[in-house]
Each structure stands twice: as structure tokens, then as C-alpha cells.
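Each chain, letter by letter, is given below.
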Amino acid sequence: MIHRIEIATKPGIREARGEHVAAQIRRYLELPVKRVRTRDVYLIEEVDPLAQAISSSELQRIVQHFSDPVLQIGAIDRIVDAVSEVVVAVGYRPGVADTVGKSAKVAIEDLLDRPLTNAVQIYTSRLYLIDGLSTEQAQRAARDLLANPVIQTIQVSSYPDWLEREPERAVPRVLLGDTPLTVQIDLSGSTEDLLEISRQSLLALSLVEMETIRDHFSGSGRDPRRTALGLSTLPTEVELQCLAQTWSEHCKHKIFNAEITYREEGGAPEVIDSLFDTYIRGTTEDIDRNLAANEGGSWLVSVFHDNAGVVEFDDQVHLVYKVETHNSPSALDPYGGAMTGIVGVNRDPFGTGRGADLLINVWGYCLASPFYKGILPRGLLHPRRIRDGVHQGVIDGGNQSGIPYGRGWEIFDDRYLGKPLVFCGTVGVLPTMIGDSPGEVKQSNPGDLVVMVGGRIGADGIHGATFSSAALDESSPTQAVQIGDPITQKMMFDFLIAARDRNLYSSITDNGAGGLSSSVGEMATQTGGARIDLSKAPLKYSGLAPWEIFLSEAQERMTLAVPPDQADELLALAARYDVEATVLGRFTDDGFLHVTWADENIAHLDMEFLHSGNPKLCLEARWRRQCFSEPAARPEDCQETLLALLSRPNISSGEAKARHYDHEVKGLTVIKPYSGVHNDVPAEATVFLARHGSKRGIVLSEGVNPFLSELDPFAMAATAVDEAVRRQLCAGAGLDRIAALDNFCWPDPVLSHDTPDGDFKLGQLVRACRGLQEVCRSYSVPLISGKDSMKNESILEGRKIAVLPTLLVSAIGQIDDVRTALTLDFKMPGDMIYILGETGDHTGGSEFFRYLGERDGRHGELGKSSPYLGSKPPTVDCDRTLPLYRALRGAIRAGYVRSASTPTKGGLALALVRSALAGGLGASVDLAAIAAANDLDSDVTLFSESNGRFVVSVSAQESRLFEDCMQPAPMYPVGQVDPGTKLTIHRDGRQLVSLELELLRTQFKRGLADA
């Protein structure tokens, strides 16, 4: 029995949702739509004829409960009112999580005061009643705007046809019929056979890896223990899929752990045994030893062995920080992929130690231009749609979880057309002590019960890890897409905090990549084994094969190790919080991951082989400096150039999108993401309290500039660290407690037939790691966590589009008293303006040169470099910058500095504009001394993107004290803050810029206003 309920806005009442859809159709698709009205549809399917049926009176109560009596009407079956020309129905495909349907089911259970269990399924869809479009035009609107065919179904019909047709019915979620539980995979075939198995089963395993698995089972399959379980020399489907997930690039970081033979042009070959051990872990261990040897001691608490990095903060809490990427799923479904990214990274700090309270979210996106007008390869969504979906997904996932956002940024380049980069991060606070033991310590013990808590398992997210380890193409699996449910996750977190504080579990981790196979497999390394029964796992719907249940990455789930004597109390507490908790098995010390389905054995994997048996990659890398042209003629009008740069997407205000996020949840934000007298200029860094009643604060910043990677990835990485640290100083953070996270997103760096330049891309990766190491060591900035994401490219219609090699450096610092935090806005007329640090000719890869290329019509071919990149990327001379930073820190601590900003993209000109706009005050600046110091042209002085620089303002009365404090660092007094509303910039008596702040503000905001 299926019941259909339809909810609509009452006739005569303005419908904002329909108006918004109509505006999008006109704006994005330029179709002549007149009006759009929307309706929500709920399909209630009673699948168990023996269960208590839902009566007609109960259905009427549900209709009344689901509709707002003031604004809406509801009906069983259909609402027939004013006709429309076309009707579009959008629902979910089989296996895709329907979170609204799930919430509707909970609401009905509360209304009827009885559980519906699996006897009732709720499915939701949406109707669009459209006037002004033909059926064909409506089909295009549905495909390009209203639905994502990867995860949703679309039905388009004329209104008369829709009335005559049977209403849409529930789509069954039973994906598979009865299949044998123990499916064995024969790996005895040829090379081609092995590769075909890997491809068809979406394993993303190489030939060597497939052969390694075959050879292992050929030997271990004769082990009496395996034979006694009824298993053979052939791996079961569960075993093979579990190995593929565990050995995936996404989980095992095979490229970062490979043995690499590296050559630079003209140099001798060099062998690097693991980029991670050499440049990431090695850097942090060196810094940690130096910290431990100093009087203050090391402040690192837990790095590289848990879900997130942990550093000391105060006597009550530690800080926990993790940043992840969710690129591939966001390419298929921007909304669901990005939502899963944010709710997924929430679980990383929560699964660190014995559970951190979640404090702040951060996000950043590398996208193709929302104004892209070229032809899209089949299978790619328009960048504007990706941008809208990604933003909305992170908004819904983060704010519905009750977590504010602290940082946000966007970078645009059409090489992100094939695969967007979606960075999501979370800061948490971990109690220094939980009970009688440190909060960061967790330990599964033999005999502990394996308990899964949170959401149920579904088909969504199957092959997520292996899918993310490969290039995007036409065969990318729809079931890899996950849909987050932040409400369910918030309920789970609330329960787990209560359980944590009662010491009801000994260890915790999330069901991220690989689901149960990952969480149980990883936790079992502490005990030496585990045994679980998958038949006990709670499912969203029937029909999943055992391997799908084991590997599903369906969201909102975590796995606990629970001492048996605590199990009853934990399960009772879960019931009190209305959170599902299920005992699946127990941890053992027999050396095996043993999986059953009731009494049938379906996997028996040697723990050593599972986690350490994958063959090490041996790769070739080379790097040679690339040569790019410079503009033949640069503009003489610096004012025109400044206005043009202000409206470019990579510089202009992103406030229009950022304002949809909430940064005030919890009431701990001190320096907001947008600051100034109008709160409309991005802050250099944001400052948060860790808790109410404390003055000590957290400082968040980042550095990212992928445009430098083409010239020299070393410069890109060094610049990212330097920028993140400079932003920290601009907010008043101390230099002695800045930690960083590294997130590498790279195109395929493995040499192959399909990637003939893979060795060069790997060489770029080596260079980036070296730049990262050099500056982090010099500044004593440890790398406490990170993530690498390889294979960021798409191959569609035979066309490869690879992303720019991209490194994001996220910094977390500390400030003793948030009342001393700095902002970038000029404060008082008469204040002196100083530029600190040296300005050189560092126009290579700059926004200035890219603008000139586009101005001259010199667009690079899609997927290729811009024609104007230049040859002089910014560098970092740590021997010169570090003394400057220490001096500036001393001047800030002494209270001499009133505002501080740092030139990044767009150079000095844009830094001056931001400080003037934020303060609502004009400024008079003369660049003569700076230009003369390095014999620079005026436009280079204004727009060069040299590192190691600051724009600060200082009270005229304290300027001499400030100058004494800064000696002997490079320091240039360049002018003063004016009481007027104009920014003027001169050089040697010649006016370069004279612009009203209002014009600058308008230009700054217009770039992305229509995006």
C-alpha cells in the first residue's frame, strides 16, 4: 500500500521558492519562464502487510501536521488547482539517501506515537509547475538546474498528461536479489583478466597489487585456520573489496609513501624513501625535538596517528584540527558531496582521542569560473551550478550541526572545470583529562565490544575510497555519492559527548572512507584482531550484499570499542538520546579480521597483510623549470588596472555567498570572517574564544596560491606557509605556537600511457614538499595533520582536464588575550602608514599578469597554462623575513600597531585598498622609497606579489617608538590615514591612483555579485 501526500503554497500567497527557481532559469539558462510553483510530495509505503496499517484518519493528521495552516494546503493524492503548462517531478534514484524522508518518518512516529520500523518507508520528491516553457525547455531546465541526473530521477510532462497519469510511486530501494553470501573471486587468470576484475569491480588496484593478493591467498588459503572456516585459496568478495579499500590511494597514500627517484634538470638522481616521512613527518619531528629542548618544551600533543592533529591550548582543553577534501563526490553531486565533506570532517576531530567538542568549521573551494561560457564535455556540470551546490551543501551541513564557520575562500581557474577542489575543516576542543586519563589517549582492548552508533547503512558511499583514488570519467559510480544528514549526526554527537564524559567507551573512530571495513580494521590494529557479524548491522533497506554493508560509507556513523561491563549503560544512554547503537562483535588478539554473516564465514583477513601487505610503489620523478612569456606591453594607467583587478573573481569580495553561512553560532567569534566599519572586507585571520569566560583565543588563517605551481611548486608551497603565518601575525597571534595542516591536491603524478607527463607532475610534488619543509622548519611551524588527494582530473569524451597542482596550508595559532587582537582596518586619521618588508619584481604567476593576458585576449587553451605567467615567482628568504616577523610581533605586543594587513594576490595596491575600505578612511601614500629600493616600475611596485610584507598603521605619537622597535628590519613610512574618503597613491610627485572609497567598494563587490 502506497499513500501519496502533496503539500503546496495556498493560492494567492507569494511563493518565494518558486520565484527563486524562476529567477535562476532566466538568469542561468536564459529561458522565457513566466512562473514556477513548487510542491513537496511524500510517498508513504507500507511494505509489511502484517504490520499495523496507517488509517485514513491518521493520514489526514499527517497532512495537517506537514502543512502550515496559514501558508499551505495539503491533500492526500493530488492538489488540483490552477493549471500550469508543464510539470517536472524530481525524486531520488535507488540507493541514494533521502534525508528529508528519514526526518518525515521520525515526525510521523512522533505524531502517531508508535514506531514504524522498517514496515514503513518514506520517500520524498518535488514538483515544479512551470508556465512559459515548452516540454523540451522544461526538460533542459530540469537537467541543467533543477535536478542532478547522477542521483535523481526526472519526469517531465504537460499538465494534462500529468493529471491523467498515475502519480509517481515510491522507487524501491531493494538493489539486489538473493545472492550467495560467500562469493569467491578467481584470480588465476591472465594479466588482462586481473586488470578487468579490478576495473569491473571498481577496485582501483594495479596489476602488481592484484598479483600480490592472488599470491597471498594461494599460500594462506591452505592455513588450517582458514580451511576450518570453510574458506579456500580464493579471496571472497568481502576480502577483495576490503583489501582494495584499505590499499586505496585515498586511504594508504601510496604516492606519498612511495620510493621516488628524483631528477632535476642537469642534476644527479636522488632517491627519496617516502615524501611523507621525509618532508612532512620529518619536519614536525625535527621541530618537536627543538621545542622539547627549549625551556618552554613541546606543545604538540598528538600528531599523525589519530584522525586529527592535537596541540596544547590551556590547562582545560587541547586544540584539535583537521582539513579534508571531498573533490570527486562534489563533481558528481555538488550539494551532497560538499555536505558530506563538512559533516565527514566534523567526525575527524570528534573521533580524535576519546572525542573533541566541535567548535569551528572552515571551507575553501577551487572552482572554474562561474562565468564560463565554453562548451562543457558531456558529464560535467556547469561551474556556476557546482559553485551554488557546494556552498549550499556546506552551509546546510555545517550550520545545521550547530557549528559556526571561521574561514572561507574561493579560487577560480578553468582548470578546475573537470574536478572542483572542496576543502572542509573543523576545529575542536579536547578535554585535557577525561576521567583519570589524558583525553588524547584511546585504546581498544581484546574483549571490547564493537559497537556501531548513529545512522543506518545504505548503498550510498559504496566505493567512495576507491572512486576518489581514480580520475573522473563516464564510468564513475553513482553509488559513490553520499548525502549527509547533519541532524542525525548532531544527535549522535550529543549522545557520544555524554557517553565520553561517563567513560563508557575506550576508543572511537568514524566510519569514513571504507565504512566498517576501515573503522573496525583500523581499531583492530590496537588489539590484533576483531570478529564482527554483518547480519546484525542495521540497514536503511534490504538487498545489500555483505561486502556492500562492510564497505558502505553511508554517513553519520561511528564505531566504538566498549568494555563489556559498560555495554548496557551505553545502549540505554543511546536509547535515551534516540540514537541507534548496535553491538556487531568484539575485538580480539588472534591476528585476524574475521567477518561473518550469522554463522557463515565470509572473510578472514590477516591483519599484517591487510595493513602492511600492499607493495610499495617505485616511481620516477623529474622537474625542470618552465618558461612562460611576459606581456609585451604593460599598461601605463595604474588606476585603471587597479579597478580592473578589484573586480576579478580571485580578488573581489565573496561576501554574497559567505553571508549565507553563520559565523556567530556558539557566540565565541571575536574577529569575524568579514570585518571593518561595514563588516564587508575579508579579515586577514579570524579569532575565536575556545570557551566563554576565558580570554585566550584561537587564530585561524590559511595560505594558498596554486597559480605559482606552474612556475615553481617550491615557490608555491613556500608562499602558502609564509602567507598563512603573516595572516596570523596580522591578527596578533604569537609566533611561538603556530601549527599548520597541509592539504595537497594534485593531478595524477604517476607516469603511464594515459599520463605521459606523470613523472613531471611527481617532480612538481617533490618540489612542493621541499618548499613546505624549508619554510616550516625556519619558522618552527609543525605540520600536525594533513591530507593528500591525487588523481584530480577528469577524462570525458577522450579529453583530459587536470587541476592545477594545489597546496593549501591551514594555520592555527593562539593569542593570550583576545582583547589585544588586531584587524586590518585603518583606525584614525593622522595615523602613519608603513610598509614592512622588501618589494621585488615578483610578478610571475600574479593576478596582474593573468589579467593582462585576458585583457589582451590571450586565453590559454582549456586545461593549459595562461600565456602570461612570467618567470619571477615570489620567493621566501627566511633569514630576512623571520627577524622582521619577530620585530613586528614585539611591536604588536607593545601596543604600537593599530592595524595590520598583508599583501597577497594583487600586491600592495590591494592591501592598501582593503585597509582603507575596512576603516572607511582615505589614505595618502607615496611609493617613491619602495620603488627606488629595487629600481621597480610603478605598476610592478603596486601589483608585485612579493612575500614577507605588511601594511601597518601606527599612531603618529608612537611612530618613533614603533620604528625603534622594528630596527633593523626593512621599514618604509609611506604616508598617513586621511579623514576623507579618497585613496591616493603617488610616486615622485606623479599621481598613480586617486579614487573614492565608494567607487573602490562598488568595484570590489561587483566581481562576483552576479555569480
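Right above here is the structure, for reference.
What counts as what
- Residues numbered from 1 in each chain as written.
- Predicted model: local features only at pLDDT ≥ 70, side-chain atom pairs only at ≥ 80, totals over all residues.
- Heavy atoms only, no water.
- Helix = DSSP H or I, 4+ residues; strand = E, 2+ residues; numbered from the N terminus.
- Rg over C-alpha atoms; globule rule 2.2 N^0.38 Å.
- Buried < 20%, exposed > 50% of the residue type's maximum accessible area, 1.4 Å probe, protein only.
- Contact = heavy atoms within 4.5 Å.
- Lys, Arg positive; Asp, Glu negative; His and termini not counted.
- Charge placed at Lys NZ, Arg CZ, Asp CG, Glu CD.
- Pairing = 2+ DSSP bridges.
- Axes fitted to C-alpha atoms, helices over the stretch in contact; angles between N-to-C directions.
- Salt bridge = Lys/Arg side-chain N within 4 Å of Asp/Glu carboxyl O.
- Parallel < 35°, antiparallel > 145°, perpendicular 65-115°, else oblique.
- Left-handed = near helix turned anticlockwise from the far one by under 90°.
- Nonpolar A, V, L, I, M, F, W, Y, C, P; charged D, E, K, R; others polar.
- 1 Å grid on protein atoms, 1.4 Å probe; cavity = no way out; pocket = protein on both sides within 12 Å on 5 of 7 lines; lining within 4 Å.
- Points joined across faces, edges and corners; volume = space filled by probe spheres on them.
- Disulfide = S-S within 2.5 Å.
- Polar contact = N/O pair within 3.5 Å; in protein donor to acceptor, adjacent residues only side chain to side chain.
- Core = buried A, V, L, I, M, F, W, Y, C linked by side-chain atoms within 4.5 Å.
- Expected span 1.5 Å × (residues − 1).
- Phe/Tyr/Trp six-rings, centres within 6.5 Å; stacked < 30°, edge-to-face > 60°.

**Observations concerning the overall build of the protein**
Looking only at helices and strands, the protein features 31 helices and 42 strands. Taking 30 Å as the expected radius of gyration for a compact globule of 1011 residues, we find that the protein reaches 29 Å, a close match to that expectation. For the protein, the C-alpha atoms occupy an extent of roughly 90 × 70 × 60 Å along the three principal directions. Looking at the protein as a whole, 63% of its 1011 residues qualify as buried. Within the protein, residue pairs in contact and separated by at least 24 positions form 82% of the contacts whose partners lie at least 6 positions apart. Separation between the mean location of the 100 positive side-chain charges and that of the 135 negative ones in the protein comes to 3 Å.

**A few points about the sheet that holds strand β19 (residues 507-510)**
Read across the open sheet, the seven strands follow the order β19-β21-β17-β22-β20-β23-β24; overall the sheet is mixed. Each edge of the open sheet carries a strand with a single partner, namely β19 and β24 (600-606). On average, each strand axis in the sheet is inclined to that of its neighbour by 25°, with strand direction left out of account. Two strands pair when backbone bridges link them, and β19 and strand β21 (residues 557-562) are joined in this way by four bridges, in the antiparallel orientation. When the sheet's bridge partners are listed, I508 is paired in β21 with L560. Along the sheet, helix α9 (residues 237-246) makes contact with β23 (592-597) and β24, crossing β24 at roughly 35°. Against the sheet, helix α16 (residues 486-501) touches β17 (449-454), β19 and β21, its axis set at about 20° to β21.

**Let's talk about the environment of F849**
Mapped onto the elements of the fold, F849 is located in helix α25 (residues 847-855). With relative accessibility at 2%, the residue F849 sits in the buried group. As a C-alpha pair, F849 and L869 span 20 residues in sequence and 6.3 Å in three-dimensional space. Non-local contacts of F849, meaning those with residues more than four positions away in its chain, are made with E630, P631, R634, T843, Y868, L869 and G870.

**Some remarks on the pattern of salt bridges**
Enumeration over the complete set of coordinates arrives at 66 salt bridges. When the shortest N-O distance is used, the salt bridge between E209 and K254 registers 2.8 Å. Note that E209 is positioned in helix α7 (residues 207-220) and K254 in the loop between α10 (249-252) and β7 (259-264), a separation of 45 residues in sequence. Looking at K254, the relative accessible area reads 10%, which means it is buried. Between E580 and R456 there is a salt bridge; the shortest N-O distance is 2.8 Å. Of this pair, E580 sits in the loop between α19 (567-576) and β22 (581-587) while R456 sits in the loop between β17 and α15 (464-467), placing them 124 residues apart in sequence. Under the relative-accessibility criterion, E580 is labelled partly exposed at 30%. For R456, a relative accessible area of 26% corresponds to the partly exposed category. Each of the salt bridges in this network shares a partner with another, and the network as a whole consists of E264, E270, R625, D712, R767 and R770.

**Points about the packing of helix α23 (residues 713-731) against helix α26 (residues 878-893)**
For the pair α23 and α26, the least separation of the axes is 10 Å and the interaxial angle reads 20°. Classified by the interaxial angle, the pair formed by α23 and α26 is roughly parallel. Here the hand of the crossing between α23 and α26 comes out left-handed. Side by side, α23 and α26 meet where D722, V725, R726 and L729 of the first sit next to Y885, R889 and I892 of the second. Here the contact of α23 with α26 is composed, by residue class, of four nonpolar, no polar and three charged.

**What to know about empty space enclosed by the protein**
Taken as a whole, this structure holds seven cavities of 30 Å³ or more when the rule is applied. Empty space within the largest cavity amounts to approximately 590 Å³. What lines the largest cavity is a set of 29 residues, among which G408, W409, N650, P682 and R727 lie closest to the centre. Going through the elements one at a time, β13 (405-412) and α23 are the ones with two or more residues in the lining of the largest cavity. Broken down by element, the residue count for the lining of the largest cavity peaks at seven residues, all from β13. Grouping the amino acids of the lining of the largest cavity by side-chain chemistry returns 15 nonpolar, six polar and eight charged. The space that makes up the second largest cavity amounts to roughly 80 Å³.

**Remarks on unusual backbone geometry**
Cis geometry marks the peptide bond from Q967 to P968, where omega comes out at 0°. With respect to the secondary-structure elements, P968 resides in the loop between α30 (959-966) and β40 (971-978). For E556, which is not glycine, the phi dihedral falls at a positive 65°. Along the polypeptide, E556 turns up in the loop between α18 (546-551) and β21. The phi angle at D578 is positive, at roughly 60°, despite the residue not being glycine. Along the chain, the position of D578 falls in the loop between α19 and β22. Residue D578 is classed as exposed on the basis of its relative accessible area of 58%.

**A word on the state of the cysteines**
Considering all chains together, one arrives at zero disulfides under this definition. Cysteine C878 shares no disulfide, and the gap to the nearest cysteine sulfur, in C776, comes to 9.4 Å. For C878, a relative accessible area of 8% translates into the label buried.

**Concerning the sheet that holds strand β37 (residues 897-901)**
Adjacent strands of a sheet form backbone hydrogen bonds with each other and so pair up, either parallel or antiparallel. Reading across from one edge, β37-β39-β36-β40-β38-β41-β42 is the order of the seven strands in this open sheet, with mixed pairing throughout. Here the strands that pair on one side only, and so sit at the sheet edges, are β37 and β42 (990-996). Each adjacent strand pair in this sheet contributes to an overall mean axis angle of 20°, direction not counted. Relative to the sheet, helix α27 (residues 907-919) contacts β36 (832-836), β37, β38 (922-926), β39 (950-954) and β41 (982-987), its axis offset from that of β39 by approximately 35°.

**A few points about the side chain of R648**
Topologically, R648 is positioned in the loop between α21 (638-646) and α22 (655-658). Within the structure, R648 has its side chain in polar contact with the side chain of E847 (distance 2.7 Å).

**Some thoughts on the nonpolar core**
Judged by nonpolar contacts, the single largest core of 66 residues is most densely connected at F744 and F962. Per-element tally for this core: the top contributor is helix α24 (residues 758-779), with 10 residues. In this structure F744 touches F256, I280, L765, A768, C769, L772, K787, D788, S789, M790, T806 and L807, once residues within four positions along its chain are discounted. Membership of the second largest hydrophobic core comes to 47 residues, among which are Y416, F688, L689 and V699.

**Considering the packing of α21 against α25**
Where α21 meets α25, the axes come as close as 11 Å, and the angle between the chain directions of the two elements is 95°. With respect to each other, α21 and α25 are oriented roughly perpendicular. Here T641, A644 and L645 of α21 lie close against α25, whose contacting residues are E847, F848 and Y851. Taken together, the residues of the contact of α21 with α25 sort by class into four nonpolar, one polar and one charged.

**Considering α24**
In an α-helix, one turn spans 3.6 residues, which is why side chains three or four residues apart end up on the same side. Look at α24: 32 Å from first C-alpha to last across 22 residues, which is about the 32 Å you get at 1.5 Å a residue. Of all the 22 residues making up α24, 19 are buried; the element is thus mostly covered by neighbouring parts of the structure. Phi turns positive, to about 55°, at S780, one or two residues after α24.

**Focus on the packing of aromatic side chains**
A full pass over the atoms with the stated rule returns 18 aromatic pairs. Judged by centre distance (4.9 Å) and plane angle (55°), the rings of Y834 and F962 are tilted. Here the residue Y834 occupies a position in strand β36, and F962 occupies one in helix α30, the gap between them amounting to 128 residues. According to the relative accessible area criterion, Y834 is buried, its value standing at 0%. Residue F962 is classed as buried on the basis of its relative accessible area of 0%. On the basis of an interplanar angle of 40° and a centroid distance of 5.1 Å, the ring pair of F848 and F943 is categorised as tilted. With F848 in helix α25 and F943 in helix α29 (residues 938-943), the pair connects residues that are 95 residues apart, well separated along the chain. Take F848 and F943: they sit in the same class, and that class is buried.

**Regarding the pairing of strand β25 (residues 618-623)**
Every second residue of β25 is oriented toward a common face, the buried set being L619, A621 and W623 and the non-buried set C618, E620 and R622. Alignment of β7 against β25, held across six bridges, turns out to be parallel. For E259, the partnering residue across the bridge sits in β25 and is C618.

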